[in-house]
Amino acid sequence: MTDLIHMLRDWMPKQRWYSGGEGRAPQLTHLGSYVLANPNGEAGVHLVTVPCMLDSSGDVPVVYQVPIVLREVDARVPALGYIGSISNAAGRVSAVVDGPHDIAFAKALLALLEREGHATGAGGRSDIAAYGLPMPGAVVGSFVTSRVLSGEQSNTSIICEMRLPDGSDAPPLILKVFRMLHDGENPEVTLQSALTAAGSVRVPPAIGHLSGFWPDPRTSSGRASGNFVFAQEFLPGVEDAWRVALRAAETGDDFGDAAYTLGTATAEVHRTLRDVLPSVEATAPKVQAEVAAMRQRLDAAIAVAPSLERLRGAAEEVYARAADMNWPRLQRVHGDLHLGQVLAVEDRGWVFLDFEGEPLRSIEQRNTADAPQRDIAGILRSFDYVAGSLEMTTGRNVAGDWAARARQSFLNGYAAAVSGEPRVGRHTGAITLDGRAARRQAQDARDGGSAREGAGEGASGGYPRPDASENRPLSAAEAAALIRVFELDKALYEVIYEASQRPAWLRVPVRAVQRILA
């Protein structure tokens, strides 16, 4: 194991999923490994195993799972996944292959999942294990071949081609291997499994997941449990909404219908999640904590973009109004929604992906009920980035009006789905976030909260009683005001990100903050 640790220490910093970056060498401790059976006696395979490695090189320790396949050193070793070679005590030399690049690992995962199998630790250790949990009724077919999906940042996904018993092609599968392990359920698994079980067509059907437990010094008990792999249907040959929207903006094509249906689809996902998973009341302490976090983000954004200091007063007014109005019941949401997380699928419409939430938030935060307005704000900001992307390319603001129309159509679609009212014009509707209309709606929301308090309908600060919070929908003014504060918060998050990662893009979110607070 010592030789393997040294090998991984040199290899891991070159991988995109390694959070320490290429400039920092990991300090690795082997916590344990679970061993997968060699499926069908795959020729040349010595071992399929998944070491769990603690990296203590950074301020916050991270546990990675690093699947590897040890196989004979011959022409069957995948060139892309080759890490190095090691010898055992008997002198046998094995090639060390990054598991996702080796078909033996993909086969072993599918076998464990399909058979509801149980993988124990190396040498019979009982403190680490993985078990397969298929979705009821899931049919996957037989394995044909696999490849790694390129371009992923924090995980590694394996695309598996499958075949039905009659020889015809079965829908391909995607196995998402979570590289960083967390104590607790991954929302990617929880939310998409719940949506699939509810019969939603807004996510690719979930097939199942591998979960388990492992030694973990980061927890008080010294042991953690969570998800290792998530499997679902893969949708080939489709484009994400970002590419579809960018092409429309480039050509000047109207995106109103597409944005409207995206709004209705987003509302549908929110409604299903609210129906099948627990929701909680937005109590005063919860709201105050959320607004306090937003104020901290404002401070951080001003620190990297001092020109925003002059807007601090306007931002504080927005925060004060948000803290003093009715909020919806908090529920599970996507958490990191943008146009790149949505696919345009023929005959199915918009399909949503990647429910892990914002990667910088803790697993506890990502598993906490939230306001649906966070997702709405994410899509609104994404439309703004379509226009910003074209401006960065052309040097001119050629799609600002296009983005404004798309944003309004999205809001109208969402509002119509929530209210159940027939479709109205795409570019006009109850929720408006631009200019003086937004300020009027925010003031109406604040006045409405004060009126409810005066009439005895709410608790301190205009909060309704629990029964009212559960039954009374938000008014258009309240919805607009909440979307506005969440969009402001998202734009400030982008300011912080762009200042450190892409300074040339900083003007895109800075202008958005100025527009929101105008």
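Located above this text is the structure these notes cover.
Quantities reported herein were computed from a predicted structural model and do not represent experimental measurements.

**Examining the overall build of the protein chain**
In terms of helices and strands, the protein chain carries 14 helices and 19 strands. Radius of gyration (C-alpha) of the protein chain: 25 Å, near the 24 Å computed for a compact globule of 518 residues. Reported as C-alpha extents along the three principal axes, the dimensions of the protein chain are approximately 80 × 50 × 50 Å. For the protein chain, contacts bridging at least 24 residues in sequence account for 68% of all contacts bridging at least 6. Carbon together with sulfur atoms contributes 51% to the accessible area of the protein chain, which is approximately 22,100 Å² in total.

**Looking at empty space enclosed by the protein**
This model, assessed by the stated rule, comprises 8 cavities of 30 Å³ or more. Empty space within the largest cavity amounts to approximately 90 Å³. Residue lining of the largest cavity: 13 residues in total, with Val-333, Gly-335, Gln-365, Arg-366 and Thr-368 positioned closest to the centre. Elements represented by at least two residues in the lining of the largest cavity include exactly helix H3 (187–197) and helix H8 (363–366). Within the lining of the largest cavity, the residues separate by chemical class into 4 nonpolar, 5 polar and 4 charged.

**Describing unusual backbone geometry**
Unlike most non-glycine residues, Glu-116 shows phi in positive territory, near 50 degrees. Positive phi, close to 70 degrees, is recorded for Asp-347, a residue that is not glycine. Summarising the element assignment, Asp-347 is placed in the loop between strand S16 (342–345) and strand S17 (349–352).

**Considering the nonpolar core**
Note that soluble globular proteins tend to have their nonpolar side chains buried in a common cluster. Of all hydrophobic cores here, the largest spans 41 residues; its most connected members are Leu-36, Phe-105 and Cys-160. Those elements that provide at least two residues to this core are strand S1 (28–36), strand S2 (45–55), strand S6 (93–98), helix H2 (103–114), strand S10 (155–163), strand S11 (169–178), strand S13 (206–215) and strand S14 (223–233). Ranked by the residues each element gives to this core, the list is headed by H2, at 8 residues. For Leu-36, the residues in contact, after removing those within four places along its chain, are Val-48, Val-50, Phe-105, Ala-108, Leu-109, Leu-112 and Ala-119.

**Digging into the packing of aromatic side chains**
Counted by the stated rule, this structure contains 11 aromatic pairs. Between the aromatic rings of Tyr-18 and Tyr-64, the centroid separation amounts to 5.7 Å while the plane-to-plane angle is 40 degrees, which identifies the pairing as tilted. One end of the pair, Tyr-18, is in the loop between helix H1 (2–11) and S1; the other, Tyr-64, is in strand S3 (residues 62–65), with 46 residues separating them in the sequence. For the pair Tyr-18 and Tyr-64, one class covers both residues: buried. Ring plane angle 35 degrees and centroid distance 4.7 Å describe the contact between Tyr-34 and Phe-228, whose orientation is recorded as tilted. Separated by 194 residues along the polypeptide, Tyr-34 in strand S1 and Phe-228 in strand S14 bring together distant segments of the chain. For the residue pair Tyr-34 and Phe-228, the accessibility class agrees, reading buried in each case. Lying across the ring of Phe-213, Arg-223 places its NZ or CZ 4.2 Å from the centre. Sitting over the face of the ring of Trp-505, Arg-502 holds its NZ or CZ atom 4.2 Å from the ring centroid.

**Some remarks on the packing of helix H6 (residues 284–304) against helix H7 (residues 312–323)**
Contact geometry for H6 and H7: axes closest at 10 Å, N-to-C directions at 170 degrees. For the element pair H6 / H7, the angle class is roughly antiparallel. Crossing of H6 against H7: the hand is right-handed. Of H7, the residues touching H6 (which contributes Val-287, Gln-288, Val-291, Met-294, Arg-295, Leu-298, Asp-299 and Ile-302) are Arg-312, Ala-315, Glu-316, Tyr-319, Ala-320, Ala-322 and Ala-323.

**Overview of the sheet that holds S16**
Strands sit in the order S15-S16-S17 across an open sheet of 3 strands; the sheet is antiparallel. Bordering the open sheet on either side are strand S15 (239–240) and S17, each of which pairs with just one other strand. With 4 bridges connecting them, S16 and S17 associate as antiparallel partners. Counted as the bridge partner of Ala-344 is Trp-350 from S17. Of the strands in this sheet, S16 and S17 are in contact with helix H5 (residues 256–276), which crosses S17 at around 45 degrees.

**A few points about the pattern of salt bridges**
Applying the stated rule across the entire model yields 28 salt bridges. A salt bridge links Glu-317 to Arg-321; the shortest N-O distance between them is 3.6 Å. With Glu-317 and Arg-321 both in helix H7 and 4 residues apart, this pair spans about one turn of that helix. On the basis of relative accessible area, Glu-317 is assigned to the partly exposed category, the value being 46%. Glu-487 serves as the salt-bridge partner of Arg-515, at 3.2 Å between the closest nitrogen and oxygen.

**Overview of the side chain of His-270**
Looking at the secondary structure, you find His-270 in helix H5. Overall, the relative accessible area of 2% leaves His-270 in the buried class. Apart from residues no more than four positions distant in its own chain, His-270 is found in contact with Gln-331, Val-333, Pro-372, Asp-375 and Tyr-414.

Rules of the game
Residues numbered from 1 in each chain as written. Predicted model: local features only at pLDDT ≥ 70, side-chain atom pairs only at ≥ 80, totals over all residues. Heavy atoms only, no water. Helix = DSSP H or I, 4+ residues; strand = E, 2+ residues; numbered from the N terminus. Rg over C-alpha atoms; globule rule 2.2 N^0.38 Å. Contact = heavy atoms within 4.5 Å. Areas by Shrake-Rupley, 256 points an atom, 1.4 Å probe, with all protein chains shown as cover. 1 Å grid on protein atoms, 1.4 Å probe; cavity = no way out; pocket = protein on both sides within 12 Å on 5 of 7 lines; lining within 4 Å. Points joined across faces, edges and corners; volume = space filled by probe spheres on them. Nonpolar A, V, L, I, M, F, W, Y, C, P; charged D, E, K, R; others polar. Core = buried A, V, L, I, M, F, W, Y, C linked by side-chain atoms within 4.5 Å. Buried < 20%, exposed > 50% of the residue type's maximum accessible area, 1.4 Å probe, protein only. Phe/Tyr/Trp six-rings, centres within 6.5 Å; stacked < 30°, edge-to-face > 60°. Lys NZ or Arg CZ within 6 Å of the ring centre and 35° of its normal. Axes fitted to C-alpha atoms, helices over the stretch in contact; angles between N-to-C directions. Parallel < 35°, antiparallel > 145°, perpendicular 65-115°, else oblique. Left-handed = near helix turned anticlockwise from the far one by under 90°. Pairing = 2+ DSSP bridges. Salt bridge = Lys/Arg side-chain N within 4 Å of Asp/Glu carboxyl O.

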